[in-house]
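A look at the structure
Each chain, letter by letter, is given below.
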Amino acid sequence: MKFLAPYAFWFALALPIVISFYLLKRKRVVTLVSSTLLWEKFLAETQANAPFQKLRRNWLLFLQLLLLALVVLGLARPYFAGAHKPHWLQVVLLDGSASMQSTDESPSRFEKAQREALQLVDALRDEDEMLVVFTAAATEVKQSPTGNKALLRRAIQQCAATDTPGRLKDALKLAETITRDRSDSEIHLFSDGAFGDVQEFANKGLNLKFHRVGQRGNNVAIVGLDIRENPEQRQQRAIYASVANFSSNSVQAELQLRFDTSVVEARAVTLAPGQSVPQIFVASQTRDGVFTVSIAAKDDLAVDNEASVVSLLPEPVRVLLVTRNNRFLEKALRAIPNVVLSQAEEWRAGSAEFDVVVLDNVTPPAWPAASVLAFHVAATNLFASTSRLEFPAIVDWKNTHPLLRYVSFDNVQIAESLRVTTPPWAQPVVEAQQTALVLAGELARRKVVWVGFDVLQSTWPLRVSFPIFIANAIEWLNPSIERASALTIRGGEPFHLAVTEPVTRAKIVEPDGTRRSLNLEAGVRELVVGGTTRHGTYHLLAGTNDVTFCVNLLDALESNTRPVDEIVLGKYSRVKAAALRPASMEMWRWIVAIALAVLLFEWWFYHRRTA
Amino acid sequence: MSALLSSDLLRRLEQLQLLAARRAKSTVRGERQSRARGQSVEFADYRNYVAGDDFRYLDWNLFGRLDRLFLKLYEEERELPVRIFLDASESMTFGTPPKFDVARQLAAAVGYVALCGFDRVSMTAFPDVTARAAAAGTEASTRAALRQVRGRASSVRFLRDLEQLTAGGAADFNQTLRRSASEARHVGIAVVISDFLDPAGYDAGLKALVSRGFAVSVIQVLAPEEVDPSTFGDLRLIDSETGAEQEVTFGKFRLKAYRRTVQRFCDELRAFCRNRGISFSRIVSNTPVEQFLLKELRASRIWG
């Protein structure tokens, strides 16, 4: 048995005080009696002429000494040392990601992790310090290093699991920074191991203790959701959902598609263990709304059983082609469905009604406010310097970029091109040896695709890749598609909304109906909404805007709730889960309980004596 | 007839007589048997005639038979002095009813019985009244009147004087009894009524009376509070007579032990009395006096 607060034994100095109470005489009620002769005979022992009397065997004294000794012992906080070696600084990393809401532990993994962390707090010695870090989508220091157990307890108890994917990397980085120069530190991670790659901590020498929570991985989840136009029938919408079964048993469940609150379709799916099944729904849509896919399955994690996506009615793209009779370009643009094409020979400022402006070999006097697809334009606000380059050979193109989907430059020759240094706002998509030929990027809130050569000075218009590139570029530049995709975000990510008029007041209605106001600075043109830790449909009310956006988990890593036995930190470094890790068992509560019983007994005994 | 004793009780007491184990030694004629020869109807003895004897007491029949002169002797009947020692100290005023009330009733009964038997009653209330300045006047004369009472006719005055007695001050039990024993010219019956709660004890006084030749009877009067205390807690007890302080922590659970102490104290007194031929009775002041007078005192052979 050891003591967490051995200094409390100084309180034992109170023991002689109790004894001195018994040495001192009591204050007594004065009573006149006929004669004290009988009392003298009977109670000669209580006669006291000196201030101190002889200490007699008095049960009350023994009881009080016992009581005080118990209290002192309790204050000294004895404990039976567990396997845990005390360190001076302990960092508690509490994983609050979505998978920690699994109910395979009672009542949930997160609450079990909290309980274990609280035990660690209880076992903290007076001179030790502890730091509480809560990690979910964002990492938050809930309590700076302190030995104050009340603060630590409150910090741990105030944490709540979120519907967001885990970002353990940030938390480990933080913990690593704090403990870097301290050999007397220990990092305690309370998690189920559902987080991304932490390979970069391979050689950091982290003194990491992994407290695993979770027992099994019984979970069915929607891990992907997207909405597109139905390619076969343009008036309809196709909803692509990916349903995965992470449990070890085959699962039959009902998959349901809702539009706002009305059920559109329900179907039964059978999922083999570990299987992921794509499901495609087709639904017609007459107004903007929210499609929700939910799976009715009895599993441990409810967060990922539902996912929503905002679907806006498709709007025609208004495109202005500024060209001097480039027929190839005009044909390619007209071939794109849902495009309203206007044509002009000169660009005049103030035409704000277009979504995309295509500039072909024309340098505008003012840059358009819309998205721009520019061919052979050397504007000074785009590049620091330009020069000419003859017969550039295409050496590389990024076919992973959405612009180059199904696009190949295998057989394209270019007679002449502009030679530029790649500016910081753009990334090269197609490159020659000396310069980038196609750049894509975002400049002053508008998307820009820049092609450095005149297509008529190349063989590209004769290739099939040209119209595909034009179609890809219009889709990529279309601000409404971007707007629609921005309306569905992952848990924990901020939601951005660009506003045309500055707003002074904004409100968020959360999925459970609670409202909160946003703090806005004056003249702000873009609203950023944080705190999206709950999945579901949010409403943002800002000025005249009423925007609906959805927050989903959609994270296969997080939905795979099978707890891991070890954390792999690189090839040679692993941290095993300390499944059973007895913390020091404190006994002061029991001692205080016994002291209380002694106190009650003493009270009873005293009254029996004097009543 | 009296506030102390009801007339009915007095009438019943008239039938009683103090029992004296010894013959009366008084010089005054009375109604008690004595060793002295004198005038009565009870024949006692003969003796030879000596010149100067009264011819009236010669036994002429014997002279006729034996031709010698004998004188017939008769028993002299003498009075029996009855001394009552009444404890009138401060401690006797305690109790409900006060011990002193009961003690006076007992003294009145004993005195009345004695007076009815034509005995001389001498009553000594102690402590001396001179110790109490406040009540010195009438109290002193009352006590002087009680010092010597004789004859049945005096009983009314005796009872009235007794009623007026008050208690107070600290008594010296032993000294009072010793002095009375040494001062007494004629020994007789001594009845001591007290609580016997004198810090100096009672041995010396009672021994003095016994050794002087008194037939001593002891009646101990205790208050119910002394036998069965009802005050509990941390107490500082102050002796009403001596002013001595006694600190006591007393609870109900120690009551039994206290009662044992009281019982032991009384037993000691009883044993002391028995060893010296003193009759002993004890009364708690809340018990009916009549019962005690007619039953217990008769049983303890004070009267019959």
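Below is a short write-up of the structure. It should be emphasised that the depicted structure is a prediction, and the values quoted were computed from it without experimental measurement.

Our focus in this paragraph is the overall build of chain A. Counting its regular elements, chain A contains 11 helices and 35 strands. Sorting the 611 residues of chain A into buried and exposed places 49% on the buried side. Look at the contacts in chain A between residues 6 or more apart in sequence, and 68% of them connect residues 24 or more apart. Surface exposure of chain A reaches about 30,300 Å², of which carbon and sulfur atoms provide 54%.

Our focus in this paragraph is the pattern of salt bridges. Should the charged atoms of two oppositely charged side chains come close, the side chains can pair. Counted according to the given criterion, the structure contains 33 salt bridges over all chains. For glutamate 306 of chain A, the salt bridge goes to arginine 258 of chain A, with nearest N and O atoms at 3.2 Å. One end of the pair, glutamate 306 of chain A, is in strand β15 (residues 306-311); the other, arginine 258 of chain A, is in strand β11 (residues 251-259), with 48 residues separating them in the sequence. When the shortest N-O distance is used, the salt bridge between arginine 12 of chain B and glutamate 290 of chain B registers 3.9 Å. With arginine 12 of chain B in helix α1 (residues 7-14) and glutamate 290 of chain B in helix α10 (residues 289-299), this residue pair connects regions lying 278 residues apart in the sequence. Three or more residues joined by partner-sharing salt bridges are found here, namely Asp104, Arg109 and Asp192 of chain A.

All names here are of chain B. Packing of helix α3 (residues 99-116) against helix α5 (residues 155-163) leaves a shortest axis separation of 10 Å and a crossing angle of 165 degrees. By the angle between their directions, the pair α3 and α5 is classed as roughly antiparallel. Here the hand of the crossing between α3 and α5 comes out right-handed. Listed contacts from α5 to Arg104, Ala107, Ala108, Gly111, Tyr112 and Leu115 of α3 are Ser155, Phe158, Leu159, Leu162 and Glu163. Residues of the contact of α3 with α5, tallied by class, amount to 7 nonpolar, 2 polar and 2 charged.

Residues and elements named next belong to chain A. Reading across from one edge, β12-β11-β14-β15 is the order of the 4 strands in this open sheet, with antiparallel pairing throughout. The sheet is open, and its two edges are formed by β12 (262-271) and β15, each paired on a single side. With strand direction ignored, the average angle separating the axes of adjacent strands in the sheet is 15 degrees.

Our next topic: the environment of glutamate 225 of chain B. Residue and element names in this part refer to chain B. Counting through the fold element by element, glutamate 225 comes out in helix α8 (residues 224-227). Classification of glutamate 225 by relative accessible area gives partly exposed; the value is 34%. Sequence separation between glutamate 225 and threonine 96 is 129 residues, and the spatial gap between their C-alpha atoms is 8.1 Å. Apart from the residues lying within four places of it in its own chain, the contact partners of glutamate 225 are Gly95 and Thr96. Looking at glutamate 225, its side chain comes within polar contact range of the side chain of threonine 96, at 2.9 Å.

Residues and elements named next belong to chain B. Taken N-terminus to C-terminus, the directions of α1 and α3 make an angle of 45 degrees; their axes are 9 Å apart at the nearest point. On the basis of the axis angle, α1 is oblique to α3. The two elements α1 and α3 meet at a crossing, and its hand is right-handed. Every residue of α3 that contacts α1 at Leu10, Leu13 and Glu14 is listed here: Ala109, Tyr112, Val113 and Cys116. Considering only residue class, the contact of α1 with α3 consists of 6 nonpolar, no polar and 1 charged.

Here we take up the sheet that holds strand β4 (residues 89-95) of chain A. All names here are of chain A. With mixed pairing, 5 strands are arranged side by side in an open sheet as β6-β5-β4-β7-β8. Unpaired on one side and paired on the other, β6 (139-146) and β8 (208-212) mark the two borders of the sheet. Each strand axis lies, on average, 15 degrees off the axis of its neighbour in the sheet, ignoring direction. Inspection of the sheet shows strand β5 (residues 129-135) paired to β6 by 5 bridges, in the antiparallel sense. Bridge pairing in β6 links methionine 130 to threonine 146. Across the face of the sheet, helix α4 (residues 109-122) comes into contact with β4, β5, β7 (185-191) and β8 while running at roughly 170 degrees to β4.

What follows is about the side chain of serine 300 of chain B. By the secondary structure assignment, serine 300 of chain B is in the segment after α10. Residues contacting serine 300 of chain B, with those up to four places away along its chain left out, are Ser279, Phe280 and Ser281 of chain B.

Another point: the packing of aromatic side chains. Under the definition given, this model contains 23 aromatic pairs over all chains. Taken together, a centroid distance of 4.7 Å and an interplanar angle of 45 degrees make the contact between phenylalanine 259 of chain A and phenylalanine 291 of chain A tilted. With a gap of 32 residues between them, phenylalanine 259 of chain A in strand β11 and phenylalanine 291 of chain A in strand β14 (residues 289-296) connect regions that are remote in the sequence. Relative to phenylalanine 265 of chain B, the ring of tyrosine 202 of chain B has its centre 6.4 Å away and its plane inclined at 75 degrees; by these criteria the two rings are edge-to-face. Residue tyrosine 202 of chain B is found in the loop between β6 (189-194) and α7 (203-212), and its partner phenylalanine 265 of chain B is found in helix α9 (residues 255-275); the two are separated by 63 residues along the sequence. Three or more aromatic residues joined by ring pairs make a cluster, and in this case those are Trp397, Phe409, Phe453, Trp460, Phe466 and Phe469 of chain A. Above the plane of the ring of phenylalanine 134 of chain A lies lysine 142 of chain A, whose end atom (NZ or CZ) is 5.6 Å from the centre. The aromatic ring of phenylalanine 281 of chain A is capped on one face by arginine 267 of chain A, whose charged end is 3.9 Å from the ring centroid.

What counts, and at which threshold
Numbering of residues starts from 1 in every chain and runs along the sequence as written. Throughout, the order in which chains and ligands are written sets their labels, letters from A for the former and numbers from 1 for the latter. The model is predicted, so local features are restricted to residues of pLDDT at least 70 and side-chain atom pairs to those at 80 or more, both for listing and for counting; the totals for chains, interfaces and linings are taken over all residues. The basis for every side-chain value is the complete set of non-hydrogen atoms in the structure, without hydrogens or water. Put simply, DSSP marks the helices as runs of H or I at least four residues long and the strands as runs of E at least two long, and each gets a number from the N terminus on. Type-normalised accessible area, obtained with a 1.4 Å probe on protein chains alone, sets the label of each residue: buried when under 20%, exposed when over 50%, and partly exposed for intermediate values. Contacts are assigned to residue pairs that have any heavy atoms within 4.5 Å of one another. The protein chains shown are the only cover counted for residues, whose accessible areas, like all others here, come from Shrake-Rupley with a 1.4 Å probe. Salt bridge, as used here: a side-chain nitrogen of Lys or Arg that lies within 4 Å of a carboxyl oxygen of Asp or Glu. Angles shown run from 0 to 180 degrees and are taken between the N-to-C directions of axes, each axis being a line fitted to C-alpha atoms and, for helices, limited to the stretch in contact. Our angle categories are set so that under 35 degrees counts as roughly parallel, over 145 as roughly antiparallel, 65 to 115 as roughly perpendicular, and the remainder as oblique. Here a crossing is called left-handed whenever its near helix is offset anticlockwise from the far helix by less than a right angle, and right-handed whenever the offset is clockwise. Polarity classes work like this: nonpolar for Ala, Val, Leu, Ile, Met, Phe, Trp, Tyr, Cys and Pro, charged for Asp, Glu, Lys and Arg, and polar for all others, with Gly in that last group. Any two strands between which DSSP finds at least two bridges are classified as paired. N or O atoms within 3.5 Å of each other form a polar contact, as long as, within protein, one can give a hydrogen and the other can take it, and as long as residues adjacent in sequence are counted only when both atoms are side-chain atoms. Classification of ring pairs rests on two measures: the distance between centres of Phe, Tyr or Trp rings, Trp counted by its six-membered ring, which must be within 6.5 Å, and the angle between planes, read as stacked under 30 degrees, edge-to-face over 60 and tilted in between. Two conditions define a charge sitting above a ring: the NZ of Lys or the CZ of Arg must be within 6 Å of the ring centre, and it must be within 35 degrees of the ring normal.

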